[in-house]
Amino acid sequence: MISEIYDVIVVGAGHAGCEAAAAAANLGSKTLLVTMNMQTIGQMSCNPAMGGIAKGQIVREIDAMGGYSGIIADKSAIQFKMLNLSKGPAMWSPRTQNDRMLFAEEWRYALENTPNLDFFQDMVKSLIIENNQAVGVVTSLGIEIRSKSVVLTNGTFLNGLIHVGDKQLGGGRMGEPRAFGITEQLVSLGFEAGRMKTGTPPRVDGRSLDYSRMDEQKGDENPQKFSYTDTPKLTKQLSCHIVYTNETVHDILREGFDRSPMFNGTIQSLGPRYCPSIEDKINRFAERTRHQLFVEPEGWKTVEIYVNGFSSSLPEDVQIKAMKHIPGFENVKVFRPGYAIEYDYFPPTQLKHTLETKLVDNLYFAGQINGTTGYEEAAGQGLMAGINAHNKVREKDEFILNRDEAYIGVLIDDLITKGTEEPYRMFTSRAEYRLLLRQDNADIRLTEKAHQLGLAKDDRLQKVEDKIAKSQELESFLRETSLKPSLINPILEGIESNPVDQAYRASQFLTRPNITLDKLDQIESIREFTSKYNDEVREQAEVNIKYKGYIEKEKENVSKLNRLENVKIPEDFDYIKLSSLSAEAKQKMNKVRPKTLAQAGRISGVSPADINVLMVYLGR
């Protein structure tokens, strides 16, 4: 037995575990990170990339809160792209390609330089539960480690089963053992468990590919970054490439369907809807003659390539034969075939908004154990679980982000209110207030909250306050400065926008869809003033002017909904006694135990009529 008693033990050192451990330790909790392998801390198990649609917003939120994911992503980036720039700012999403080995190295370095954080390498086989509280863990060596709280971030390791064709291997990742014992213990305590599936594509030798037959995808000319801190900006970038499958590739893949665990009944659990395997794509979308693949480099100092879009659990000989008919892959050499993995998860309706379990006090779940998919979703949950585990043992208030405050808030509320039967992935469409939850204003939304918690330091808050003050200053200048027709009309005519016959404020021209601040900078008097502001300040001021009416309308909608968020439902409320409630509403609300009327209204199967019944009963 290890004699030291920790405030927080975090089990698992993937993206969720790393953020949970960092948050708890940085807040002052004596924290232990237990991992099966110290060499795979912060490992990118699947694609070598961070961010993307809605996921990029989550990474910026983690950074604004004082988490590490954005910093690590910036330090290990090999390419940066801002996605969806042709759409409105609610859709803009940052994404990096990353050096896989450097990413893990930077995570380990960051954690080893975090005060209050210890490490231990072993598999956790069970929890120590006393008086319905998690008070420690027992490892496979029989070592007992005591704590005041436990955060489980087991990823795909709980009873993990790897499939390559008709071959099956026990493991949490290729070449790494699975974890066992925890699921069985939790089920014996009354938890409901399920199985999910995910998969990964082949890794190939980049020296064997002919890139001249592919479309090159370069990074942005002026690459940005995730972190609001002074992380390095990219000065050189590696290109990705795009290529397409064809009917020959599909025909070869179909030949292996009878040996596919996806189709012969071996795998019965559900995989991620929005990241299906290549065999699933050609089966579900049989009318399509080709599917897009992204050829992604794994780092600065390796020839290894990740074939994004070719996730597969087909036999390795079928995978290799099919790949040789992809343009540029005729002489491909495979480092590792793709595979599928099944693992245990726990339906997240068994959690509170803090990610503490309802059945066992001081026990928290974060990441794929809750049915999510993706590094970013896992990291966001880890951050919140680490914060709340610390707050609970220090007898501080719980910390919850609402749906109008962060994508992380949307993610957690969706999970615990609606649950999920397939791997949950975040999209901008899941957030009803996405115009408020932009990637450019995550620091404005969240840094003050993080500062109050003690996660964001004074210099972080000062930086945000400076950004707000400067963007307001720039905004005021643009609202107050008039532009005569002789100044603005040459710009308008150059972009085929209607000219004007009188002076208007600069801000009024910015509301036109094809006018940007960069274009107004062609006017010397504008440029002289705006040139002293950095890109972040300029972007903030421009978005606030362009979308002012929409933003105010969205804030008004938030205010209306918050009236229902403020109507609390007693924790022990007896829904069964309300005869006017539908049978489905009674069943669902009894299971979820919503804290507010607004949360009750988001439960699948609960109708507006059911909410009205509750409102009347609660005196509203």
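Residues numbered from 1 in each chain as written. Predicted model: local features only at pLDDT ≥ 70, side-chain atom pairs only at ≥ 80, totals over all residues. Heavy atoms only, no water.

Within an unreviewed UniProt entry, the label attached to the chain reads tRNA uridine 5-carboxymethylaminomethyl modification enzyme MnmG, and the organism entered is Chryseobacterium edaphi. Of the chain, the UniProt comment under Subunit (unreviewed entry) reads exactly: "Homodimer. Heterotetramer of two MnmE and two MnmG subunits." Database annotation for the chain, UniProt heading Cofactor (unreviewed entry): "FAD". (UniProt positions renumbered as here; feature names shortened; annotations may be inferred.)

(A) Spatial organisation of the overall build of the chain. A count of helical and extended segments in the chain gives 21 helices and 24 strands. Compactness check: the chain gives a C-alpha radius of gyration of 26 Å against a globular reference of 25 Å for 620 residues, within 12% of the reference. In terms of principal-axis extent, the alpha carbons of the chain reach across some 80 × 70 × 50 Å. Every one of the 620 residues in the chain was classed for burial, and the buried ones make up 57%. Taking as baseline every contact in the chain between residues at least 6 positions apart, the subset at least 24 positions apart corresponds to 72%. With the model as given, the accessible surface of the chain reaches about 26000 Å², and the carbon-plus-sulfur share is 47%. (Helix = DSSP H or I, 4+ residues; strand = E, 2+ residues; numbered from the N terminus. Rg over C-alpha atoms; globule rule 2.2 N^0.38 Å. Buried < 20%, exposed > 50% of the residue type's maximum accessible area, 1.4 Å probe, protein only. Contact = heavy atoms within 4.5 Å. Areas by Shrake-Rupley, 256 points an atom, 1.4 Å probe, with all protein chains shown as cover.)

(B) Structural detail: the nonpolar core. Judged by nonpolar contacts, the single largest core of 91 residues is most densely connected at Leu111, Leu152, Leu186, Leu363, Phe365 and Ile387. Here Leu111 is in contact with Cys18, Ala22, Leu33, Ile41, Tyr68, Leu117 and Phe119, once residues within four sequence places are set aside. In terms of nonpolar packing, the next biggest core, distinct from the first, is built from 22 residues, Val249, Val295, Phe329 and Val332 among them. (Core = buried A, V, L, I, M, F, W, Y, C linked by side-chain atoms within 4.5 Å.)

(C) Examining the sheet that holds strand 1 (residues 2-6) more closely. Reading across from one edge, 1-10-9-8 is the order of the 4 strands in this open sheet, with mixed pairing throughout. The open sheet has two edge strands with one neighbour each: strand 1 and strand 8 (124-130). With strand direction ignored, the average angle separating the axes of adjacent strands in the sheet is 25°. The sheet contact formed by strand 9 (residues 133-139) and strand 10 (residues 144-147) spans 3 bridges and is antiparallel. Across the sheet, the residue bridging to Val137 is Ile145, located in strand 10. (Pairing = 2+ DSSP bridges. Axes fitted to C-alpha atoms, helices over the stretch in contact; angles between N-to-C directions.)

(D) Molecular detail of the packing of aromatic side chains. Enumeration over the complete set of coordinates arrives at 11 aromatic pairs. Residues Phe529 and Tyr533 carry aromatic rings whose centres are separated by 5.7 Å and whose planes lie at 50° to one another, so their mutual orientation is tilted. An aromatic cluster of three or more residues is present, and its members are Phe191, Phe346 and Phe365. Across the ring face of Trp300, the terminal group of Lys236 is positioned such that the distance to the ring centre comes to 5.0 Å. Across from the ring centre of Phe573, 5.8 Å away, lies the NZ or CZ of Lys577, which sits over that ring. (Phe/Tyr/Trp six-rings, centres within 6.5 Å; stacked < 30°, edge-to-face > 60°. Lys NZ or Arg CZ within 6 Å of the ring centre and 35° of its normal.)

(E) Inspection of helix 6 (residues 247-255) at higher detail. Listed as buried for helix 6 are Val249, His250, Ile252 and Leu253. When helix 6 is viewed along its axis, its buried side chains cluster within an angular range of 165° and face the same direction. Residues of helix 6 that are buried sit in contact with helix 7 (278-284) and helix 8 (316-323). Capping the start of helix 6, Asn246 holds a side-chain oxygen 3.1 Å from the backbone nitrogen of Thr248, two or three residues further along. (Arc of directions from axis to C-beta. Polar contact = N/O pair within 3.5 Å; in protein donor to acceptor, adjacent residues only side chain to side chain.)

(F) Layout of the environment of Val124. Within the fold, Val124 resides in strand 8. In the structure, Val124 is positioned 30 residues away from Asn154 in sequence and 9.7 Å away in space, judged by C-alpha atoms. Each residue touching Val124, except ones within four places of it in the same chain, is listed here: Val11, Val34, Val137, Val138, Thr139, Phe180 and Ile182.

(G) Helix 8, seen in detail. Those residues of helix 8 that sit buried are Val318, Gln319, Ala322 and Met323. Buried residues of helix 8, seen end-on, are gathered within an arc of 125° and therefore sit on one face of the element.

(H) Summary view of the environment of Gly42. Mapped onto the secondary structure, Gly42 falls in the loop between strand 3 (31-35) and strand 4 (49-51). Judged by relative accessible area, which is 0%, Gly42 ranks as buried. Placed 65 residues apart in sequence, Gly42 and Trp107 show a C-alpha to C-alpha distance of 5.7 Å. For Gly42, the contacting residues outside a window of four places in its chain are Ala13, Cys18, Phe103, Ala104 and Trp107.

(I) Examining the pairing of strand 8 more closely. Bridging between strand 8 and strand 9 involves 5 bridges; their strand directions are antiparallel. Directly across from Leu127, in strand 9, lies its bridge partner Val137. Hairpin connection of strand 8 to strand 9: 2 residues between the antiparallel strands, including Asn131 at a positive phi of 50°.

(J) Region of the structure containing the UniProt feature "binding site: FAD" (unreviewed entry) in the chain. Those places that UniProt annotates as "binding site: FAD" (unreviewed entry) correspond, in this numbering, to Gly12, Ala13, Gly14, His15, Ala16 and Gly17. Of note, Gly14 is situated in the loop between strand 2 (8-11) and helix 1 (15-26). For Gly17, the location among the structural elements is in helix 1. For Gly17, a relative accessible area of 0% puts it in the buried group. Residues within four places of Gly17 in sequence aside, it is in contact with Val10, Gly12, Leu33 and Thr153.

(K) A look at the packing of helix 12 (residues 458-480) against helix 17 (residues 535-546). One can describe the packing of helix 12 onto helix 17 by two numbers: an axis separation of 8 Å at closest approach and a directional angle of 55°. The orientation of helix 12 relative to helix 17 falls into the category oblique. Along this stretch, helix 12 crosses helix 17, giving a crossing that reads as right-handed. Of helix 17, the residues touching helix 12 (which contributes Lys467, Lys470, Ser471, Leu474, Glu475, Leu478 and Arg479) are Glu536, Val537, Arg538, Gln540, Ala541, Asn544 and Ile545. Tallied by class, residues from the contact of helix 12 with helix 17 come to 5 nonpolar, 3 polar and 6 charged. (Parallel < 35°, antiparallel > 145°, perpendicular 65-115°, else oblique. Left-handed = near helix turned anticlockwise from the far one by under 90°. Nonpolar A, V, L, I, M, F, W, Y, C, P; charged D, E, K, R; others polar.)

(L) The side chain of Glu356, seen in detail. Position of Glu356 relative to the elements: it lies in the loop between strand 21 (339-345) and strand 22 (363-365). Within the structure, the side chain of Glu356 is placed 2.6 Å from the backbone nitrogen of Asn362, a separation counted as a polar contact. Here Glu356 is in contact with Leu351, Asp361, Asn362, Leu363, Tyr364 and Lys392, once residues within four sequence places are set aside.

(M) Layout of the environment of Lys225. Inspection of the secondary structure puts Lys225 in the loop between strand 16 (215-217) and strand 17 (240-244). Using a relative accessible area of 17% as the deciding quantity, one classes Lys225 as buried. With 359 residues separating them in the primary sequence, Lys225 and Glu584 have C-alpha atoms 46 Å apart. What Lys225 contacts, discounting residues up to four positions off in sequence, is Arg60, Asp74, Phe80, Asp230, Thr231, Pro232 and Lys233. Side-chain polar atoms of Lys225 contact the backbone oxygen of Ser227, separated by 3.1 Å. At 3.2 Å, the side chain of Lys225 forms a polar contact with the side chain of Thr231.

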